[in-house]
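Residue-level structure breakdown
Here is what each chain is made of, one letter per residue.
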Amino acid sequence: MTLRTGRHFLQIPGPTNVPDQVLRAMAAPTIDHRGPEFAELGLRVLQRIKPVFGTTNPVVIYPASGTGAWEAALVNTLSPGDRVLCFETGHFATLWQEMAGSLGLEVDFVPGDWRHGADPAELTRRLEADISHSLKAVCVVHNETSTGVTSRIAEIRRALDDAGHPALLLVDTISSLGSIDYRHDEWGVDVTVAGSQKGLMLPPGLSFNAVSDKALAASRTARLPRSFWDWEPIIESNRRGYFPYTPATNLLYGLAVALDMLDAEGLPEVYARHARHAAATRAAVRGWGLEVLCADEREHSGSLTAVLMPEGHDADKVRKVILERFDMSLGAGLGKLSGRVFRIGHLGHFNDLTLAGTLAGVQMGLELSGVPTDPAGLGAALDVLRNP
Ligand SMILES: *Cc1c(COP(=O)(O)O)cnc(C)c1O
């Protein structure tokens, strides 16, 4: 191991850099999770997390990674053999529909090219063809972390409404919550799935389900087996600020502080900051003469950018050079994008100079790896950052 000085740059799209004040909060002694002090913490975080989802309904918190909350969304609302519609937006959408299949659901998987979001027009066609309303849920990954493409959830909602189709809408916001504008109630989402280690600036270990009244009603008759993930006993305990089992107490200390930080900045400002950093990153990529993977101007992700490598160049080699030379981690290409893209995470605890440093490291790494790179890229990003 070579000696490293200064901070590691963790520029993968999750886990993200954890702010010092969150780390300090988590270092406090663990308290009795059945005692009065805990109830205060529980009630506080359960209440204050709601605006981040854009909901006034219950948000269930699990001591689990995001994958657990995927499972919770499905097993609480659906029954064996139910048909669900999923969109192949990328690697995470593919994993979620695989899970649905392994839980005993019938999956209609709409093929995609991993450069576009879920297509509202295709959804309309599928819903109109489903005269008997045999589709019970539509699953969409809001921000596809493998591609840097953000699906247009408001338009997905409109397609469901215009078709008069009663399917539940389940949305994965694991890499968008707290980074990209999101409105659970306004967009009529039934279950929103989220995780702690991306926009919420926490370590991995917590995940979330925001739950609509319609989803709660569905959970009363849904028959997929569930026990640990069952919303009902959790929501019942949560009313008094407690959990039915030992919660991840220290992560909840961190969550309380992270929510204070988001609140202090203001959610609209948080979203604008991410959008601006994403725009600066795209300016750099295009300035280098490289291509952004996302192919639709309306769907660029605010939280990460996937960069397509020119033919004959291996993205993993570039990432290796950047890690060894500059102590910066970038996201790998996942699934069928392995070696073809690298991903720059620009979400969470992040500012202009973190981005400038990140992009400087990427530019030097590309040059050192022999990838044809116009050095004007960094300057193009700085031009974006220079303006407020
Ligand atoms: C990170 C991520 C997941 C997986 O979450 P884990 O916490 O690793 O289980 C799922 N979906 C999306 C969109 C993600 O970004």
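About the cut-offs
Residues numbered from 1 in each chain as written. Predicted model: local features only at pLDDT ≥ 70, side-chain atom pairs only at ≥ 80, totals over all residues. Heavy atoms only, no water. Helix = DSSP H or I, 4+ residues; strand = E, 2+ residues; numbered from the N terminus. Rg over C-alpha atoms; globule rule 2.2 N^0.38 Å. Buried < 20%, exposed > 50% of the residue type's maximum accessible area, 1.4 Å probe, protein only. Contact = heavy atoms within 4.5 Å. Areas by Shrake-Rupley, 256 points an atom, 1.4 Å probe, with all protein chains shown as cover. Lys, Arg positive; Asp, Glu negative; His and termini not counted. Charge placed at Lys NZ, Arg CZ, Asp CG, Glu CD. Domains from an automatic or database assignment. Buried area = accessible area lost by both parts, 1.4 Å probe. Salt bridge = Lys/Arg side-chain N within 4 Å of Asp/Glu carboxyl O. Near = heavy atom within 4 Å. Polar contact = N/O pair within 3.5 Å; in protein donor to acceptor, adjacent residues only side chain to side chain. Nonpolar A, V, L, I, M, F, W, Y, C, P; charged D, E, K, R; others polar. Pairing = 2+ DSSP bridges. Core = buried A, V, L, I, M, F, W, Y, C linked by side-chain atoms within 4.5 Å. Axes fitted to C-alpha atoms, helices over the stretch in contact; angles between N-to-C directions. Arc of directions from axis to C-beta.

A count of helices and strands for the protein chain gives 14 helices and 14 strands. The C-alpha radius of gyration computed for the protein chain amounts to 21 Å, which stays within 12% of the reference 21 Å derived for 388 residues, consistent with globular compactness. Referenced to the eigenvectors of the C-alpha coordinate spread, the extents of the protein chain come out at roughly 60 × 55 × 40 Å. Here the protein chain holds 388 residues, and the buried ones make up 59% of them. In the protein chain, once contacts between residues fewer than 6 apart in sequence are set aside, the share between residues at least 24 apart is 74%. On the protein chain, roughly 15500 Å² of surface is accessible, and the fraction owed to carbon and sulfur atoms is 54%. When the 36 positive and 45 negative side-chain charges of the protein chain are each reduced to one mean point, those points stand 2 Å apart.

Our focus in this paragraph is the domain arrangement of the protein chain. Structurally, the protein chain comprises domain 1 (9-16 + 266-385) and domain 2 (20-263). Between the C-alpha centres of domain 1 and domain 2 the distance comes to 27 Å. A buried area of about 2600 Å², summed over both sides, lies between domain 1 and domain 2, and 56% of it is on carbon and sulfur atoms. Linking domain 1 to domain 2 there are 3 salt bridges.

Below, the discussion takes up the site of the ligand. Around the ligand there are 13 residues in total, and Ser65, Thr67, Thr145, Asp172 and Lys198 lie nearest to it. One nitrogen or oxygen atom from the side chain of Ser65 is found 2.6 Å from an oxygen atom belonging to the ligand. Between Gly66 and the ligand, the recorded distance is 2.8 Å, taken from a backbone N or O atom to an oxygen atom. About the coverage of the ligand: the protein hides 88% of its 390 Å² of free accessible area. The leading source of residues in the shell around the ligand is helix H4 (residues 66-77), at 3 residues. Of the residues in the shell around the ligand, the class split is 4 nonpolar, 7 polar and 2 charged.

On to the pattern of salt bridges. Within this structure, the stated rule accounts for 25 salt bridges. Of the charged contacts in the structure, one is a salt bridge between Glu155 and Arg152, with a shortest N-O distance of 3.0 Å. Given a relative accessible area of 28%, Glu155 falls into the partly exposed group. Overlapping salt bridges bring together Arg44, Arg48, Asp260 and Asp263 as one network.

Among the 5 residues that make up strand E14 (residues 341-345), 5 are buried, leaving the element largely enclosed by the rest of the structure. Side chains Val341, Arg343 and Gly345 of E14 all project onto a buried face; the interleaved residues Phe342 and Ile344 project onto the opposite face, where all are buried too. Across 5 bridges, the pairing between strand E12 (residues 304-308) and E14 is antiparallel. Of the residues in E14, the one forming a bridge with Leu304 is Gly345. With 2 bridges joining them, strand E13 (residues 328-332) and E14 adopt antiparallel strand pairing. By the bridge assignment, Ala332 is partnered in E14 with Phe342.

Tracing the backbone through its elements, the reader meets Leu200 in the loop between strand E9 (191-195) and strand E10 (207-211). Along the sequence, Leu200 and Ser102 sit 98 residues apart, while their C-alpha atoms lie 29 Å from each other. Leaving out residues up to four positions away in the same chain, Leu200 has contacts with Ile49, Val52, Leu177, Gly195, Phe208, Leu255, Ala258 and Leu262.

With that out of the way, let us pick up the nonpolar core. Counting residues in each nonpolar core, the largest one holds 92 residues, and the members touching the most others are Phe208 and Leu255. For this core, the two domains that each supply at least three residues are domain 1 (9-16 + 266-385) and domain 2 (20-263). Residues Val292, Leu330, Phe342 and Leu385 belong to the second largest nonpolar core, which totals 27 residues.

This brings us to the sheet that holds strand E5 (residues 135-141). Taken in spatial order, the 7 strands line up as E2-E10-E9-E8-E5-E3-E4 in an open sheet, and their pairing is mixed. What marks the edges here is a single partner per strand, and that holds for strand E2 (59-62) and strand E4 (106-110). In this sheet, neighbouring strand axes are inclined to one another by 20° on average, regardless of whether the strands run parallel or antiparallel. Direction of pairing for E5 relative to strand E8 (residues 168-172): parallel, over a ladder of 5 bridges. Residue pairing across strands places Val138 opposite Leu169, the latter belonging to E8. Of the strands in this sheet, E2, E5, E8, E9 and E10 are in contact with H4, which crosses E9 at around 165°.

In this section: helix H7 (residues 153-163). Buried within H7 are the following residues: Ile153, Ile156, Arg157, Ala159 and Leu160. Summarising the axial view, the buried residues of H7 lie within an arc of 155°, below the 170-degree limit, and thus occupy one face. Where H7 is buried, its residues contact helix H6 (120-129), E5 and E8.

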